Amino acid sequence: MFHLRKPDGNNRIIFIRQKELNEAHETIKLSLQPEAEEIISRYKAGEESAYLLNFESKYIAYNSFIHFISKKIGEIAKIAELDGITLYWARYSWATIADSIGIEEKIISKVLGHVDKSIAGRHYIVFDWSRVDRANRAVIDFVLRKGRKQDQ
């Protein structure tokens, strides 16, 4: 979230996971989902900024941002009485939910930014990112349905 640029003309954010910058990397192209609007509006960067969110102006460096987020996740975990929650829980949770509702592993890997190591995948296949959009939508809808059932 720290380095996200403003969306392109197709309402798609394009980024590379920071962890992958010094290695072969996958450029991730995600469509913004409506549920992200509240977060975006709360933390939106100014018009003059190239970034989507204002974290670049609030934190000196990426590492200080990560430290702040990790601290806040720890506070939430303590309130929820959960041990060991980390930043990676969101990735693990998304992947686990996606797998449980039948999303294929290749799509899960794309969303997570894993590099396709096959020759065909790296050089010859133009990936259809709408498949990722459908997977994200399916996971969001699953979580929201499950949340509504628990509220009843």
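The shown structure was predicted, so the numbers you read here are calculated from the model rather than taken from an experiment. (Residues numbered from 1 in each chain as written. Predicted model: local features only at pLDDT ≥ 70, side-chain atom pairs only at ≥ 80, totals over all residues. Heavy atoms only, no water.)

1. A closer look at the confidence of the model for the protein chain
A residue-level look at the protein chain finds 88% of positions with pLDDT of 70 or above and a mean pLDDT of 84. When the elements of the protein chain are averaged for pLDDT, helix α6 (residues 119-123) gives the smallest value, 65, and helix α4 (residues 88-100) the largest, 92. (pLDDT = per-residue confidence, 0-100. Helix = DSSP H or I, 4+ residues; strand = E, 2+ residues; numbered from the N terminus.)

2. What to know about the packing of aromatic side chains
Using the criterion set out here, one finds eight aromatic pairs in the structure. Arranged with centres 5.3 Å apart and planes meeting at 40°, the rings of Y43 and F55 form a pair that is tilted. Placement of Y43 in helix α1 (residues 37-43) and of F55 in helix α2 (residues 55-58) is noted, with a sequence separation of 12 residues between them. Taking the relative accessible area as the measure of exposure, Y43 reaches 26% and is therefore partly exposed. (Phe/Tyr/Trp six-rings, centres within 6.5 Å; stacked < 30°, edge-to-face > 60°. Buried < 20%, exposed > 50% of the residue type's maximum accessible area, 1.4 Å probe, protein only.)

3. Describing the pattern of salt bridges
As a working rule, side chains carrying opposite charge can pair if their charged atoms are close by. This model, assessed by the stated rule, comprises six salt bridges. R137 serves as the salt-bridge partner of E35, at 2.7 Å between the closest nitrogen and oxygen. Taken together, the positions of E35 in the loop between β2 (27-31) and α1 and R137 in helix α7 (residues 130-151) put the pair 102 residues apart, joining distant regions of the chain. Several salt bridges converge on common partners, so that one network encompasses E35, R137 and D141. (Salt bridge = Lys/Arg side-chain N within 4 Å of Asp/Glu carboxyl O.)

4. Here we look at the environment of A138
Here A138 shows up in helix α7. The spacing of A138 and A98 is 40 residues in sequence and 7.8 Å in space, taken between C-alpha atoms. Sequence-distant contacts of A138, defined by excluding residues within four places in its chain, comprise I101 and I103. (Contact = heavy atoms within 4.5 Å.)

5. Overview of α4
Taking 1.5 Å per residue as the helical rise, α4 with its 13 residues ought to reach 18 Å, and the 18 Å between its terminal C-alpha atoms agrees with that figure. Taken residue by residue, α4 has W94, A95 and A98 as its buried positions. Projected down its long axis, α4 shows its buried positions confined to an angular sector of 95°, all on one face. Summarising the geometry of α4, the exposed residues directed more than 90 degrees from the buried face are Y92, T96 and S100. Those residues of α4 that are buried lie in contact with α5 (105-112) and α7. Where α4 ends, the next residue or the one after it, G102, has phi of about 90°, a positive value. (Expected span 1.5 Å × (residues − 1). Arc of directions from axis to C-beta.)

6. Here's the deal with the packing of α5 against α7
To characterise two packed helices, one gives the angle between the axes of the helices and the distance between these axes. One way to put it is that α5 packs onto α7 with a least axis distance of 10 Å and a crossing angle of 90°. Relative to α7, the element α5 is oriented roughly perpendicular. Residues I107, K110 and V111 of α5 touch α7, and the partners they reach there are R131, V132, A135 and N136. Considering only residue class, the contact of α5 with α7 consists of four nonpolar, one polar and two charged. (Axes fitted to C-alpha atoms, helices over the stretch in contact; angles between N-to-C directions. Parallel < 35°, antiparallel > 145°, perpendicular 65-115°, else oblique. Nonpolar A, V, L, I, M, F, W, Y, C, P; charged D, E, K, R; others polar.)

7. Digging into the pairing of β2
Residue alternation in β2 divides its side chains into a buried set, I28 and L30, and an unburied set, T27, K29 and S31. Looking at chain direction, strand β1 (residues 12-16) and β2 are connected through five bridges and run antiparallel. Its bridge partner lying in β2, I13 is registered against L30. (Pairing = 2+ DSSP bridges.)

8. Considerations on the environment of E35
Overall, the relative accessible area of 36% leaves E35 in the partly exposed class. Between the C-alpha atom of E35 and that of I140, which follows or precedes it by 105 residues, the distance is 8.5 Å. Setting aside residues no more than four positions away along its own chain, E35 makes contact with R137, I140 and L144. Only 2.7 Å separates the side chain of E35 from the side chain of R137, close enough to count as a polar contact. (Polar contact = N/O pair within 3.5 Å; in protein donor to acceptor, adjacent residues only side chain to side chain.)

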